[in-house]
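Survey of secondary and tertiary structure
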Amino acid sequence: MKTQRIFAALSLLVGVYATPLAAQQPLNFTVRTSDIKTAVSPNMWGIFFEDINLSADGGIYAELVKNRSFEFSAPLMGWSIPKEVAGNGQILIVNRQEEHPSNPRFARITVPDTRSFELVNEGFRGMGIKAGEQYNFSLNARQQAATPVKLTITLLDETGKAIGSTTVSPAGNNWQSYKASFTATATAAKAKLKITCSGPGVIDADMISLFPQHTWKERGNGLRADLVQLLADLHPGFLRFPGGCIVEGRELVNRYQWKKTVGDVNDREVIMNRWNNEFAHRATPDYFQSFGLGFFEYFQLSEDIGASPLPILNCGMACQFNSAEVVAVNELDPYIQDALDLIEFANGDVNTTWGALRAKMGHPAPFHLKMLGVGNEQWGPQYVERYTIFAKAIKEKYPDIKLINSLGPNPDGDKFTFLNDTLRKLNADILDEHYYSSPQWFLSNAARYDNYDRKGPKIFAGEYAAHSKGVGNGNNKNSWEAALSEAAFMTGLERNTDVVVMASYAPLLAHVDGWQWTPDLIWFDNLRSYGTPNYYVQKLYGNHKGTAVVSMLKDNQPVTGQDSVYASAVVDQASGELILKIVNAAATPKPVSIAIQGVKGLANGRLITLSSNDLQALNSLDQPTSISPKEQSMVFKGKSIQTEVAPWSFYVIRAEMNR
Ligand code: AHR
């Protein structure tokens, strides 16, 4: 029989199991390809970016020098003076707050004679340097004495050996920018940068910077190409930025203020990252925000990877886990003005104040901002009070901008219920639900949205991840068990995309030596990066999202865990393909028989499997694709698909439909 041929091919791919197929009754599913339930939301499936776990500075932002402008609380953090040259000169940190409030400090280096003084920067857990690649050094400098100090720039590998060098000869007593490029002669994962100051003389230095030439799109002040490529490969429907709790700050003074992150990088005020001291067990005292990756770069990144931009703004409330600080309601205006100005920055004509800045930064065309988050993970009546004022002002001026509202940190309970009830009465646009819960929670909640109100606000599943050990526990892993449970849950998001219009796993990125929070979608060190099993789940959904949801039923019910199987179906109306997603969360194989209605027959297709026989299995820097999709071409015949879904597996089946 034709279908047996297909089954045989699938068996070869997924292995032969102890339980013979004949011994098990198949689960019978029906897919009604003409029964279009809804269009797939164009913003499915998105990504959530927050500068946590060294995601920005030390991560995707390709700057290699830590504390380049001496603005960390301890101004020489990240810098050291080798003992053997300590007596050859002197360094002072000068503060010119009044003259340059956004970047007040610089280093004054005095070298009294012809000996050399040295400064060494340790990078962010070292600097990742690649043999044969070009590196671009720059600094702002001015001379203060009659004889100029000459600078020799040297990259050192872990043993102290020089692996690249250049010289810079600043001249004159006015601040100027100097640049020099060189090629690295060897690869090092934890290199350092040495600056040798040859005297005699006195030199002032600021914004001491080293970037690889090769960044995403080869941009200066650019992003790490390998990390952006991983994001682009997800084909994300939106990019949420800049977080997360970082929007709120531990206190209002450290909230994210987008206006301080745009324009010349020299003028972007450095502040402490709120994750610096959040977790005592993962204290990160050298975690600050340079904002070299600021709002312009976030918009540009969104555009580059085809994602709709979704900025989230502070609504006058600091992080409620840390402090009860809120701005007085009668002093909310500057916060609201920031929101209105942001819309102008993104979409405004180049003749407007903020549109002109966007053009000056190199992007005269609008960024097509369509949605905006008001507050991150806020809760309580104080949030509603502030949101209401925000919404009135924004909707009056920009009625087409959709607003995203917080529903608090949990998917149920008092905080959730209060906001859910209240914001629905206020006709909110989109409600942001967060769930950091156990894998079991994700499996049990695959039907969460099947009976949600269809007429009320839409849902943004804005932050989610399966946590086996509990939230805030550093032992959470990106295990296959966690990823599989998310894949199962996401069948429910896909089936209900008329209500759930956006979804994003969180957090996105983590440095293996500098993280605060686990699990995370993508891990990296200074040279390498890899997608977790959870990443590949997201990627399969993003790359096979289809255009319209069709019904996939078992006994006339959605497939939400009957016999540990979860499933959903979409069609791609442009390519004429049916796309099935099936999760087997059990330790035993599941034979399934899928009747396809509304077609004359099926033709060519593909089977893509993501699977492991170990629920605790992980990917790693050394084995980055241990758990990753395996794809096989298929020839389907007739109007049904028979297969056996391997234990603990996620299958995507694509089949051309003859109609
Ligand atoms: O994703 C990590 C944190 O979890 C986010 O910053 C916050 O919004 C949530 O509590």
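For clarity, every value in this text was computed on a predicted model and none was experimentally measured. (Residues numbered from 1 in each chain as written. Predicted model: local features only at pLDDT ≥ 70, side-chain atom pairs only at ≥ 80, totals over all residues. Heavy atoms only, no water.)

**Things to note about helix H7 (residues 413-425)**
Within an α-helix, residues lying three or four positions from one another point in the same direction, as the helix has 3.6 residues per turn. Taking 1.5 Å per residue, 13 residues should reach 18 Å; H7 reaches 18 Å between its end C-alpha atoms and fits that length. Regarding H7, the residues found buried are Phe416, Leu419, Asn420, Leu423 and Arg424. What you see down the axis of H7 is that its buried residues fit within an arc of 120°, all on one side. The outward face of H7, more than 90 degrees from its buried face, is lined by the exposed residues Asp414 and Lys425. Looking at the packing, one finds that the buried side of H7 touches helix H6 (381-397), strand E19 (402-406), strand E20 (430-437) and strand E21 (458-466). Of the residues one or two after H7, Asn427 is the one with positive phi, at around 55°. (Helix = DSSP H or I, 4+ residues; strand = E, 2+ residues; numbered from the N terminus. Expected span 1.5 Å × (residues − 1). Buried < 20%, exposed > 50% of the residue type's maximum accessible area, 1.4 Å probe, protein only. Arc of directions from axis to C-beta. Contact = heavy atoms within 4.5 Å.)

**With respect to the sheet that holds strand E5 (residues 105-111)**
Taking strand neighbours across the sheet as the criterion, the 5 strands line up as E4-E5-E13-E8-E11 in an open arrangement whose pairing is antiparallel. The open sheet has two edge strands, strand E4 (90-95) and strand E11 (176-183), and neither has a second partner. Strand-to-strand twist of the sheet, defined as the mean angle between neighbouring strand axes without regard to direction, takes the value 35°. Alignment of strand E8 (residues 134-143) against E11, held across 8 bridges, turns out to be antiparallel. When the bridges of E11 are listed, Ser138 appears paired with Lys179. (Pairing = 2+ DSSP bridges. Axes fitted to C-alpha atoms, helices over the stretch in contact; angles between N-to-C directions.)

**What about the domain arrangement of the protein?**
Taken domain by domain, the protein consists of domain 1 (2-40 + 547-658), domain 2 (47-62 + 216-510 + 517-543) and domain 3 (79-212). Here domain 2 and domain 3 have C-alpha centroids that lie 36 Å from each other. Counting from both sides, the interface comprises 17 residues of domain 2 and, opposite them, 19 residues of domain 3. Both sides together, the interface formed by domain 2 and domain 3 hides about 1,300 Å², and carbon and sulfur atoms give 54% of it. On the domain 2 side of the contact with domain 3, Asn266, Asn526 and Leu527 bury the most area, a combined 44% of that side's loss. Along the contact surface separating domain 2 from domain 3 lie 1 salt bridge. Note that Arg125 and Asp286 form a salt bridge whose closest N and O atoms lie 2.6 Å from each other. Taken together, domain 2 and domain 3 are joined by 8 residue pairs in polar contact (both at pLDDT 80 or more). Grouping the constituent residues of the side of domain 2 that touches domain 3 by class yields 6 nonpolar, 6 polar and 5 charged. (Domains from an automatic or database assignment. Buried area = accessible area lost by both parts, 1.4 Å probe. Salt bridge = Lys/Arg side-chain N within 4 Å of Asp/Glu carboxyl O. Polar contact = N/O pair within 3.5 Å; in protein donor to acceptor, adjacent residues only side chain to side chain. Nonpolar A, V, L, I, M, F, W, Y, C, P; charged D, E, K, R; others polar.)

**Re the pairing of strand E6 (residues 116-121)**
Counting buried positions over the 6 residues of E6 gives 5, a clear majority of the element. By the bridge criterion, 6 bridges tie E6 to strand E12 (residues 188-198) in an arrangement that is antiparallel. The residue bridging Ser116 from the neighbouring strand is Ser198, located in E12.

**Overview of the packing of helix H3 (residues 295-304) against helix H4 (residues 333-347)**
Where H3 meets H4, the axes come as close as 11 Å, and the angle between the chain directions of the two elements is 50°. Put simply, H3 runs oblique to H4. As H3 runs across H4, the sense of the crossing is right-handed. Contacts between H3 and H4 involve Phe295, Phe296 and Phe299 from the first element and Leu342, Phe345 and Ala346 from the second. Residues belonging to the contact of H3 with H4 are distributed by class as follows: 6 nonpolar, no polar and no charged. (Parallel < 35°, antiparallel > 145°, perpendicular 65-115°, else oblique. Left-handed = near helix turned anticlockwise from the far one by under 90°.)

**Quick word on the site of the ligand**
If you check the shell around the ligand, you find Glu50, Gly244, Cys245, Trp275, Asn376, Glu377, Tyr436, Glu463, Pro507 and Trp517 and nothing else. Glu463 is positioned such that a nitrogen or oxygen atom in its side chain is 2.7 Å from an oxygen atom of the ligand. Across the complex, the protein chains shield 96% of the 280 Å² of accessible surface that the ligand would expose by itself. (Near = heavy atom within 4 Å. Areas by Shrake-Rupley, 256 points an atom, 1.4 Å probe, with all protein chains shown as cover.)

**Description of the sheet that holds strand E24 (residues 522-524)**
If you trace the 3 strands from one edge of the open sheet to the other, you get E23-E24-E25, paired in mixed fashion. Pairing within the sheet leaves two strands with one partner each, and these edge strands are strand E23 (509-511) and strand E25 (529-531). The average undirected angle you get between the axes of adjacent strands in this sheet is 20°. With 3 bridges joining them, E23 and E24 adopt parallel strand pairing. Counterpart to His511 in the pairing with E24 is Phe524.

**Focus on helix H10 (residues 533-543)**
Most of H10 sits inside the fold, with 9 of its 11 residues counted as buried. All of the buried residues in H10 are Pro533, Asn534, Tyr535, Tyr536, Val537, Gln538, Leu540, Tyr541 and Gly542.

**Topic: the nonpolar core**
Residues Phe295, Leu493 and Phe650 are the most contacted members of the largest nonpolar core, which totals 129 residues. A total of 9 residues in this core trace back to one element, the largest contributor, which is helix H9 (residues 480-495). When residues of this core are assigned to domains, at least three map to each of domain 1 (2-40 + 547-658) and domain 2 (47-62 + 216-510 + 517-543). Apart from the residues lying within four places of it in its own chain, the contact partners of Phe295 are Phe241, Pro242, Tyr256, Trp258, Thr261, Val262, Pro311, Leu313 and Leu342. Counting residues in hydrophobic clusters, the runner-up holds 36 residues, among them Val111, Ile163, Phe182 and Ile208. (Core = buried A, V, L, I, M, F, W, Y, C linked by side-chain atoms within 4.5 Å.)

**Some words on the pattern of salt bridges**
Enumeration according to the criterion identifies 36 salt bridges in this entry. Taking the shortest distance from any N to any O, the salt bridge between Asp286 and Lys66 comes out at 2.7 Å. Placement of Asp286 in the loop between strand E15 (271-272) and strand E16 (288-289) and of Lys66 in the loop between strand E2 (47-48) and strand E3 (79-80) is noted, with a sequence separation of 220 residues between them. You'll find Asp286 and Lys66 in the same group, each marked buried. Where Arg448 meets Glu433, a salt bridge forms, and the shortest distance between an N and an O atom there is 3.0 Å. Pair noted here: Arg448 is in the loop between helix H8 (439-444) and E21 and Glu433 is in strand E20, with a separation of 15 residues, a long-range link.

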